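# Commentary on secondary and tertiary structure
Okay, here's what each chain looks like letter by letter:
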Amino acid sequence: MSKKTPDAVDTATTEIAPPSRWNIALKEMLGGSVVISILSVLSALVVGAILIAVTDPGVHKAVGYFAARPTSTFQAIWDSIFGAYSSLFQGSVYNFRRPEFATGIKPLTETLTFATPLIVAGLGVALAFRVGLFNIGGRGQMLIAAACAGYVGFTWQLPPVIHLIVAVLAGIIGGALWAGIVGVLKARTGAHEVIVTIMLNYIAFYLVSWMLRTQGFLQAPGSNNPKTAPILETAVMPKLLGPSYNLNTGFLLVIALTIFVAWLLSRSSLGFQFRAVGENPNAARVAGIRVDRMYIYAMLFSGGLIAVAGVIQVLGVVPAGFSSGIDAGIGFDAITVALLGRAKPWGVFFAGILFGAFKAGGFAMQAAEGIPIDIVLVVQSLIVLFIAAPPLIRALFRLPVPAGEPKPVSLRRPRVKAVTR
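Presented here is an overview of the structure given in this document. Owing to the predicted nature of the structure, the values given are computational and were not obtained by experimental measurement.

A count of helical and extended segments in the chain gives 17 helices and zero strands. Per-residue burial over the chain gives 45% buried out of 421 residues. Across the chain, contacts joining residues at least 24 apart in sequence account for 71% of those joining residues at least 6 apart. For the chain, the accessible area works out to roughly 23000 Å², and carbon and sulfur atoms hold 66% of it.

This is the structure:
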């Protein structure tokens with residue numbers, strides 16, 4: 001009978017020491033959604049830098065004599081990328097070329113102005129996400145809200161503060177009821193919300209376009225243009241920092257709504273039911289939650305939030321009168337903002353500010369460096385691409401897979417070892 005030597009290891013009884021709490025916390029942080037979002041933005045900026053260098057005429061000229069002066073080519077690439085992104089920063093955060101702080105900080109206020117409707121519309125889309133609904137009807141809900149708020153704003157004669165409040169509420173109610181149609185059809189008939197919201201976008205657009213061309217509805221009196229009359233001064237959102245800046249008090253309303261949505265989803269019983277339905281509607285139904293009602297309530301809240309974006313556009317951004325293009329693509333950009341923010345209120349808030357910076361700085365980048373504005377749109381699209389594919393980011397940066405998520409399946413065929421007897 002052979003004896004085991006001290007160096008022999010019994011694999012059946014060997015115990016592996018569990019990882020420390022710090023290792024577990026570090027793994028969760030590196031594989032978490034926040035790090036994925038940050039790295040997605042950085043990856044998109046890197047790809048955008050490559051596109052800027054490839055499309056720059058100065059780089060093309062320097063490449064022509066690369067063999068003679070290779071350093072000139074690298075210098076041209078650096079100048080192109082640095083010039084574009086520095087212009088993006090100065091057009092969206094702070095302009096160092098301005099002598100005074102009050103004028104230098106104006107780009108940041110423009111970023112917040114662009115971000116204000118994006119944030120609140122993103123909150124509406126994110127809330128629907130949390131309930132398992134895909135609300136892509138932001139354009140229609142914004143148009144109906146703009147029509148309701150604008151009609152009250154330029155036709156009703158009310159005292160200053162009351163007039164603004166009534167106009168805002170009219171827009172919110174209009175957008176919420178328009179989205180509520182989707183919730184009712186989803187709850188009562190099982191209609192898919194994506195198809196219904198797409199159709200309602202077209203209905204809202206052509207309905208508002210018809211009212212803008214018809215006297216007695218939205219068309220300005222005595223005008224043939226498809227445009228409304230200017231909003232009365234009593235219903236215009238006041239400027240937040242004075243007449244020299246475009247930022248209005250709608251930004252404060254958006255901050256309040258972000259806090260409200262965060263409380264609603266994490267602290268209220270209705271928010272708990274929303275999240276339960278979003279996780280598993282069948283289990284929520286077994287637990288006694290009225291899933292059909294939650295669909296209706298969720299679309300009402302979602303439409304009301306998106307409606308605020310339309311209200312801000314009409315009463316704050318363009319109070320001189322609006323046309324059928326008042327939505328400015330915000331309804332679809334809100335989907336991107338909600339995805340980047342991981343459908344979490346404060347994540348959506350900062351994602352909206354980021355995309356507001358892209359919008360504000362993109363124009364400055366185009367004016368200062370001649371970079372096509374399409375590059376900014378490409379960067380935004382790449383952010384969505386990387387956000388939608390977390391395994392791709394984890395593979396690029398070798399990030400760990402957080403606990404609870406399945407590991408990516410290898411596409412290699414397993415090698416079969418021969419068994420010898």
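This part takes up empty space enclosed by the protein. This structure, assessed with the given rule, holds one cavity of 30 Å³ or more. Computed from the structure, the largest cavity encloses a volume of approximately 50 Å³. As for the largest cavity, its lining consists of Leu45, Ile52, Tyr85, Leu88, Phe358, Met365, Ile375, Val376 and Val379. For the lining of the largest cavity, the secondary structure elements donating two or more residues are α2 (33–55), α4 (70–92), α15 (345–369) and α16 (374–387). Take the lining of the largest cavity: its biggest share by element is three residues, from α16. Split into classes, the residues belonging to the lining of the largest cavity amount to nine nonpolar, no polar and no charged.

Take the packing of aromatic side chains next. By the definition in use, this model includes 17 aromatic pairs. Between Tyr94 and Phe101, the aromatic rings sit 6.0 Å apart at their centres with planes inclined by 35°, giving tilted as the arrangement. Centre to centre, the rings of Trp346 and Phe349 are 5.4 Å apart; their planes meet at 70°, and the pair counts as edge-to-face. Here Phe349 and Trp346 lie together in helix α15, a separation of three residues that amounts to about one turn. Taking the relative accessible area as the measure of exposure, Phe349 reaches 8% and is therefore buried. Each member of the aromatic cluster is reached from another via a ring pair, and the members are Phe89, Tyr94, Phe96 and Phe101.

Closest axis-to-axis distance for the helix α6 (residues 106–130)/helix α10 (residues 250–267) pair is 9 Å, and the angle between their directions is 20°. Looking at the two axes, α6 sits roughly parallel to α10. Pair α6 / α10 crosses with left-handed handedness. Where α6 approaches α10, its residues Leu112, Thr116, Ile119, Val120, Leu123, Leu127 and Arg130 are matched on the opposing element by Gly250, Phe251, Val254, Leu257, Thr258, Val261, Leu264 and Leu265. The class makeup of the residues in the contact of α6 with α10 is 11 nonpolar, three polar and one charged.

Time to look at the nonpolar core. Val208, Phe274, Val277, Leu315 and Ile383 are the most contacted members of the largest nonpolar core, which has 103 residues in total. It is helix α13 (residues 291–317) that contributes the most residues to this core, 14 residues altogether. Among all residues touching Val277, those that are not within four sequence positions of it are Val131, Ala284, Ile289, Val291, Met294 and Tyr295.

One pass over the structure, following the stated rule, counts five salt bridges. A salt bridge links Asp327 to Arg139, with the nearest nitrogen and oxygen atoms 3.6 Å apart. A residue pair is termed long-range when its members are at least 10 positions apart, and Asp327 in the loop between α13 and α14 (330–340) and Arg139 in helix α7 (residues 138–155) qualify at 188 residues. For Arg139, a relative accessible area of 24% corresponds to the partly exposed category. Where Lys186 meets Glu193, a salt bridge forms, and the shortest distance between an N and an O atom there is 3.2 Å. Overall, the relative accessible area of 6% leaves Glu193 in the buried class.

This next bit is on the packing of α6 against α13. In the contact formed by α6 and α13, the axes pass within 8 Å of each other and the chain directions differ by 170°. One way to sum up the angle between α6 and α13 is to call them roughly antiparallel. Residue-level contacts link Thr116, Pro117, Val120, Ala121, Leu123, Gly124, Val125, Leu127 and Ala128 of α6 to Ala298, Phe301, Ser302, Leu305, Ile306, Val308, Ala309, Ile312 and Gln313 of α13. Grouping the constituent residues of the contact of α6 with α13 by class yields 14 nonpolar, four polar and no charged.

Criteria and cut-off values
- Residues numbered from 1 in each chain as written.
- Predicted model: local features only at pLDDT ≥ 70, side-chain atom pairs only at ≥ 80, totals over all residues.
- Heavy atoms only, no water.
- Helix = DSSP H or I, 4+ residues; strand = E, 2+ residues; numbered from the N terminus.
- Buried < 20%, exposed > 50% of the residue type's maximum accessible area, 1.4 Å probe, protein only.
- Contact = heavy atoms within 4.5 Å.
- Areas by Shrake-Rupley, 256 points an atom, 1.4 Å probe, with all protein chains shown as cover.
- 1 Å grid on protein atoms, 1.4 Å probe; cavity = no way out; pocket = protein on both sides within 12 Å on 5 of 7 lines; lining within 4 Å.
- Points joined across faces, edges and corners; volume = space filled by probe spheres on them.
- Nonpolar A, V, L, I, M, F, W, Y, C, P; charged D, E, K, R; others polar.
- Phe/Tyr/Trp six-rings, centres within 6.5 Å; stacked < 30°, edge-to-face > 60°.
- Axes fitted to C-alpha atoms, helices over the stretch in contact; angles between N-to-C directions.
- Parallel < 35°, antiparallel > 145°, perpendicular 65-115°, else oblique.
- Left-handed = near helix turned anticlockwise from the far one by under 90°.
- Core = buried A, V, L, I, M, F, W, Y, C linked by side-chain atoms within 4.5 Å.
- Salt bridge = Lys/Arg side-chain N within 4 Å of Asp/Glu carboxyl O.

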